[in-house]
Amino acid sequence: MGNGTPIHTLKYRPEIDGLRFLAVIIVILHHLEISLFSGGFIGVDVFFVISGYLITSILFKEATNGRISFSGFYKRRIVRLAPAFFVVVFFTSVAAYWLMLPPEIVAYAKSLVSSVFFVANFYMWNEIGGYFVDNAAKTPLLHLWSLSVEEQFYIIWPFAVMVFVLLKKRIPLFSLVFIITVAGALFSEWGVRNYLAASYYLLPTRFFELSAGGMLAFLPAVSRESRLTRMLPWVGLSMICYSAFYYSPSMLFPGVAAVVPVVGTVILVRYLCVESSLGRAFSSSFFVALGKVSYPAYLWHWPIIAYLNIMRVPISFWVGCAVVLSTFLLSFMTYYWAEKPAARFRLLHPFKVIVLGFFIPVLVSLSFVLYVQKTEGMPDRFSDSLVEKSRAIGAWASRIRGACHNGYITGLASEDECILGRESGSVDFLLIGDSHANHFAGMMDVFASKAGLRGYDSSQSNTIYLPGSERMYSKSGQEKIHTQFRSRNETWTTLIKENNYRAVVLGGSYAIHYESDTFVHDGERGKGAFRESFRTALRMIERSGAQAYVIMGSPVLLGINYDCGLMNERFGADQACKYPRKAHDDKFEGWIDFVANLKNEFPGVIFIDPAAVLCTDDYCYAELDGLPIYHDGNHLNYIGSQEVGRRYIQDFGNPLDALRGN
């Protein structure tokens, strides 16, 4: 987002500032969830093209005039980017102190470290995952992934331009960068089809957007007198608007889909001029003034929205208006009170600029981070009850037992990494399934510890154990086979056959997927395929000599929030933390009936029903005696899972005691 133009190195183009305003406003409106701007995230791509053009133009001019001053280049980057960046980070951190519960501020501190060192894109990819997932909406520094992409580009690109200039006698530079850009777009398309979340955040699949702007720097000035060149900016604007209005978060992006807004921006940057009617609009005082503060506006808008989400403030029309107004008010304040005064730093030696403009603010940020980590989130800011609730909700099994869930690229995590119950000795039982099996690890650990047994858990997202089945999914309008589903099922089958476990526990979202038509087994599809494959799983376990267990699943919260008790205590709200048991029974009626039939068909199978703990005859609950049990609408948190295990033993006995006599 930082694409300032030192006036002594490149002719100022006011229409580019207007284009910046267009980019930032569609991003803001998209983040306010205005349906018309479902594709407003492409505003970031517009910024990337502009940045690539301006930076490359400056570097190319320096290179052709002698040599690139790397110290001067990075000094200008710090002077341009650091003032607004650290001002926003400072106030966002202050807000975090007042508004974030201990687990939230600990996560915020980690994101802050990655942001000040410009690797936020890696952090968001690893910790948040998809850019459009639910927990992303409460991550105040989420948007800084794009700034990290630009900074990583700035590390590589000056050296690349220097090499380009050396090669210009052998190959036209525009052609060279054009080839790089096309190759980058093709690589990005491969990336989104194979590694969607990583491709959204990381530089290799975004590189072509920046280089697309960069290739314009190697073209001669264009004549804008012809009718065609005066019409082309309208074409470019139409491509951007089409993307902003008709794209959606569900599509594969960036990839070739990003080519439309990227090419549209390239056309605008190349052919837009103040002499044309469109150019006069973009270079008007209104657009230019707002365009000059587009960088701080981008920095400010998302923390405001994220904190509203954290506070559970609905984004109504008037709240949205307040967000836009406050964003630009803060942006003008930042521009006039931080960015413009900091411009005097250009006169200082690069070393002083780096120390004053980067290292000192980073040290201050790291001091805050270390204090947050040392105090485990500064819990003294809140009551003990709120702290305990927040810690329970923040205890995700997928993080606590991350190696056991999904495993490694090279294969499963080892038995010694994924221990349930007794620390040493042979493994007595295997727990397998999807993320729901993972969230039952806490419960099974309690069962195993009380029974003096040792278990091993292996789970994978979107992978319930249905041997012999394929799982289908839709991508880009085409139906595809979930290859990892079948391969992980085959791996688990091998474990069952070769390890002589005393028991195998099937956990997972079976209840949720019972009605799904995404499973195919022996030519049959849907519910029939599910039933036959599930029976196959039970027969296979029994043939191996193991005791089969089935965890029937935890209730899915219907019409209530997983953190309703915390919100009630913190904000004096009066949300219901229960919903009718009948709603649960009706939703999973098919699965419940299927289990009833299985009990007759497989009398030796032991069924574990967490709903017996989480529900009474009348209601199902999101918390037990004030302890939140879930970390989202259908996954238990780890502490809640353990509590379910303790209560299950108390009310119904330990289901693993059946293994003691074997």
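Every chain is numbered independently, its residues counted from 1 as its sequence is written. Totals for whole chains, interfaces and linings use every residue, but because this is a predicted model, local features are given only for residues with pLDDT of at least 70 and side-chain atom pairs only at 80 or more, for both listing and counting. Side-chain metrics rest on all non-hydrogen atoms present in the structure, leaving aside hydrogens and water.

Enquirer: Any chance you could explain the overall build of the chain here in plain terms?
Expert: Starting at the N terminus, helices and strands are each numbered in turn, a helix being any DSSP run of H or I of at least four residues and a strand any DSSP run of E of at least two. Helix and strand content of the chain: 28 helices and 14 strands. Radius of gyration means the value over C-alpha atoms here, while the globule rule gives 2.2 Å times the residue count to the 0.38 power. The globule rule puts the C-alpha radius of gyration for 662 residues at 26 Å, and the 28 Å found for the chain is close to it. The principal-axis extents of the C-alpha atoms in the chain amount to approximately 85 × 55 × 45 Å. For the exposure calls, accessible area comes from a 1.4 Å probe over protein chains only, and a residue counts as buried if that area is under 20% of its type's maximum, exposed if over 50%, partly exposed in between. Expressed as a percentage of its 662 residues, the buried residues of the chain come to 57%. Sequence-distant contacts, at least 24 apart, represent 79% of the contacts inside the chain between residues at least 6 apart. Here the Shrake-Rupley method, with its probe set to 1.4 Å, supplies the accessible areas, and only the displayed protein chains count as covering residues. Total accessible area on the chain stands at roughly 28,000 Å², and carbon and sulfur atoms take up 60% of it. As used throughout, the charge tally considers Lys and Arg to be positive and Asp and Glu to be negative, leaving His and the chain termini uncounted. Think of each charge as sitting on NZ of Lys, CZ of Arg, CG of Asp or CD of Glu. Seen as two clouds, the 58 positive and the 54 negative side-chain charges of the chain have centres 13 Å apart. The criterion used for residue contact is that any of the two residues' heavy atoms lie within 4.5 Å.

Enquirer: Just checking my understanding: could you explain a nonpolar patch on the surface for this structure?
Expert: A cluster of nonpolar side chains, Ile34, Leu36, Tyr242, Phe245 and Tyr246, forms an exposed patch at the surface whose accessible area comes to about 520 Å². Its place among the elements puts Phe245 in helix H10 (residues 227–246). Phe245 sits in the partly exposed class, given a relative accessible area of 32%. For patches, a residue must show more than 30% relative accessible area and have no salt bridge; joins then use 9 Å for like charges and 5 Å for nonpolar side chains, namely Val, Leu, Ile, Met, Phe, Trp and Tyr. Salt bridge, as used here, is a side-chain nitrogen of Lys or Arg placed within 4 Å of a carboxyl oxygen of Asp or Glu.

Enquirer: Just to check I follow, could you spell out the pattern of salt bridges for this structure?
Expert: Proximity of charged atoms lets side chains of opposite charge pair with each other. This model, assessed by the stated rule, comprises 26 salt bridges. A salt bridge links Arg422 to Asp428; the nearest nitrogen and oxygen atoms lie 3.3 Å apart. Glu532 is the partner of Arg539 in a salt bridge, and the nearest nitrogen-oxygen pair spans 3.5 Å. For Glu532, a relative accessible area of 29% translates into the label partly exposed. Residues joined by salt bridges that share partners form a network here, namely Asp625, Glu643, Arg646 and Arg647.

Enquirer: Which parts of the structure should I look at to understand empty space enclosed by the protein?
Expert: One water molecule sets the probe size; rolling that probe over the atoms shows where empty space is left. Two kinds of site are reported from a 1 Å grid over the protein atoms alone, namely cavities, where a 1.4 Å probe fits but cannot get out, and pockets, open sets with protein on both sides within 12 Å along at least five of seven lines, and residues are called lining when an atom falls within 4 Å of a point. Grid points are joined across faces, edges and corners, and a volume is the space filled by probe spheres set on the points. Counted under the stated rule, the structure contains two cavities of 30 Å³ or more. Of the pockets and cavities examined, the largest cavity occupies roughly 40 Å³. Looking at the largest cavity, the residues that line it are His436, Gly508, Ser509, Ala511, Ile512, Met552, Gly553, Ser554, Val556 and Phe588. Here the lining of the largest cavity is built from residues that sort into five nonpolar, five polar and no charged. Residues are grouped as follows: Ala, Val, Leu, Ile, Met, Phe, Trp, Tyr, Cys and Pro are nonpolar; Asp, Glu, Lys and Arg are charged; all remaining types, including Gly, are polar.

Enquirer: Looking at this structure, how should I read the nonpolar core?
Expert: Here is a general trend for soluble globular proteins: nonpolar side chains tend to be buried in one another's company. We call a set of buried Ala, Val, Leu, Ile, Met, Phe, Trp, Tyr and Cys residues a nonpolar core when their side-chain atoms join them within 4.5 Å. Ranked by size, the top nonpolar core spans 121 residues in total, and within it Leu19, Ile42, Phe85, Trp157 and Phe328 carry the most contacts. Sorting elements by how many residues they give to this core places helix H2 (residues 43–64) first, with 13 residues. Excluding anything up to four places from it in sequence, Leu19 contacts Val46, Ile50, Ile240, Thr265, Leu268, Val269 and Phe282. One finds Ala392, Phe429, Leu453 and Leu614 within the second-largest nonpolar core, a separate group that totals 41 residues.

Enquirer: Explain the sheet that holds strand E6 (residues 503–506) here, please?
Expert: Spatially, six strands are ordered E1-E3-E2-E6-E9-E11 in an open sheet, and the strand pairing comes out mixed. One side of each edge strand has no neighbouring strand; the edge strands of this open sheet are strand E1 (419–421) and strand E11 (606–608). Each neighbouring strand pair of the sheet contributes to a mean axis angle of 25°, computed without reference to strand direction. Strand direction decides the pairing type here: E6 and strand E9 (residues 547–551), joined by four bridges, are parallel. Being paired, for any two strands, means DSSP has found at least two bridges between them. Axis geometry follows a simple rule: fit a line to the C-alpha atoms, using only the stretch in contact for helices, then measure angles between N-to-C directions, giving values from 0 to 180 degrees.

Enquirer: Explanation requested: the packing of helix H7 (residues 173–194) against helix H9 (residues 207–214) in the structure shown.
Expert: Helix-helix packing: each pair is described by the crossing angle between the helix axes and the interaxial distance. Direction vectors running N to C along H7 and H9 enclose 160°, while the axes themselves pass 8 Å from each other. With respect to H9, the element H7 is oriented roughly antiparallel. Every pair of crossing elements has a handedness; the one defined by H7 and H9 is left-handed. Contacts from Val177, Ile180, Thr181, Gly184, Ala185 and Ser188 of H7 reach H9 at Phe207, Phe208, Ser211 and Ala212. Its residues assigned to classes, the contact of H7 with H9 comprises six nonpolar, four polar and no charged. Each angle is binned into one of four classes, with values under 35 degrees roughly parallel, values over 145 roughly antiparallel, values of 65 to 115 roughly perpendicular, and all other values oblique. Should the near helix be turned anticlockwise from the far one by less than a right angle, the crossing is termed left-handed; should it be turned clockwise, right-handed.

Enquirer: Would you take a moment to explain the confidence of the model for the chain for this structure?
Expert: The predicted coordinates ought not to be read in detail in places where the model reports low pLDDT. Residues at a pLDDT of 70 or more form 96% of the chain, whose mean pLDDT is 92. Looking at any residue, its pLDDT shows the predictor's confidence there, from 0 to 100. Within the chain, helix H28 (residues 638–652) carries the highest mean pLDDT (98), whereas strand E5 (residues 478–481) carries the lowest (77). In the predicted structure, residues 3–8 sits below a pLDDT of 50 and forms 15 contacts with residues beyond four places in sequence or in another chain.

Enquirer: Looking at this model, I keep getting lost on helix H6 (residues 144–167). Mind explaining?
Expert: Since there are 3.6 residues in each turn of an α-helix, residues three or four apart along the chain are aligned in direction. In a regular helix each residue adds 1.5 Å, so 24 residues correspond to 34 Å; H6 covers 35 Å between its end C-alpha atoms and thus fits that length. Bending of H6 peaks at approximately 30° at the position of Ile156, with proline Pro158 no more than four residues after it. Among the 24 residues that make up H6, 17 are buried, leaving the element largely enclosed by the rest of the structure. The span one expects for a helix is its residue count, reduced by one, times 1.5 Å. Bending is quantified residue by residue as the angle between axes fitted to the seven-residue window ending at that residue and the seven-residue window starting at it.

Enquirer: Is there a simple way to explain the packing of helix H1 (residues 14–31) against helix H13 (residues 285–292) in this structure?
Expert: Two numbers describe how H1 lies on H13: the axes approach to 7 Å, and their chain directions differ by 70°. Accordingly, the angle class assigned to the pair H1 and H13 is roughly perpendicular. Relative to H13, H1 is oriented so that their crossing is left-handed. Taking contact as the criterion, the partners of Pro14, Asp17, Gly18, Arg20 and Phe21 in H1 are, on H13, Phe286, Phe287, Val288, Leu290, Gly291 and Lys292. When the residues that make up the contact of H1 with H13 are grouped by side-chain class, the tally is six nonpolar, two polar and three charged.

Enquirer: Explain the state of the cysteines to me, please; I cannot follow it from the model alone.
Expert: A disulfide bridge is the covalent bond that connects two cysteines by way of their sulfur atoms. Cysteine sulfur pairs qualify as disulfides if the two atoms are within 2.5 Å. Within this structure, the stated rule accounts for three disulfides. Disulfide pairing is shown between Cys404 and Cys418; the S-S distance is 2.2 Å. Given an S-S torsion of about -110°, the disulfide between Cys404 and Cys418 has left-handed geometry. Note that Cys404 is positioned in the loop between helix H18 (397–400) and E1 and Cys418 in the loop between H18 and E1, a separation of 14 residues in sequence.

Enquirer: Just to check I follow, could you spell out the pairing of E9 for this structure?
Expert: Within a regular beta strand, the side chains point alternately toward one face of the sheet and then the other, so they alternate between its two faces. The element E9 is largely enclosed, with a buried count of five among its five residues. Taking every second residue as pointing to the same face, both faces of E9 are buried, with Gln547, Tyr549 and Ile551 on one and Ala548 and Val550 on the other. As paired strands, E9 and E11 are joined by three bridges and run parallel to one another. When the sheet's bridge partners are listed, Val550 is paired in E11 with Phe607.

Enquirer: Where do I start with the packing of aromatic side chains in this structure?
Expert: The description of an aromatic ring pair rests on the distance of the ring centres and on the angle between the ring planes. Two rings from Phe, Tyr or Trp (for Trp, the six-membered ring) form a pair when their centres sit within 6.5 Å of each other. Planes less than 30 degrees apart are called stacked, planes more than 60 degrees apart edge-to-face, and all others tilted. Evaluation of the coordinates by the stated rule reveals 57 aromatic pairs. Residues Trp145 and Tyr201 carry aromatic rings whose centres are separated by 5.9 Å and whose planes lie at 85° to one another, so their mutual orientation is edge-to-face. Of this pair, Trp145 sits in helix H6 while Tyr201 sits in helix H8 (residues 196–201), and the two are 56 residues apart along the sequence. Judged by its relative accessible area of 0%, Trp145 is buried.

Enquirer: Help me out: how do you make sense of H10 in this one?
Expert: With 20 residues, H10 extends 29 Å from end C-alpha to end C-alpha; this agrees with the ideal 28 Å at 1.5 Å per step. Considered for burial, the residues of H10 that qualify are Thr229, Leu232, Pro233, Gly236, Leu237, Met239, Ile240, Ser243 and Ala244. End-on, the buried residues of H10 take up no more than an arc of 150°, which puts them together on one face. Opposite its buried face, H10 presents the exposed residues Arg227, Leu228 and Tyr246, each directed more than 90 degrees away. Summarising the contacts, the buried residues of H10 are in contact with H1, H2, helix H11 (259–271) and helix H12 (277–282). As used here, the arc is the angular range of directions from the helix axis to the C-beta atoms.

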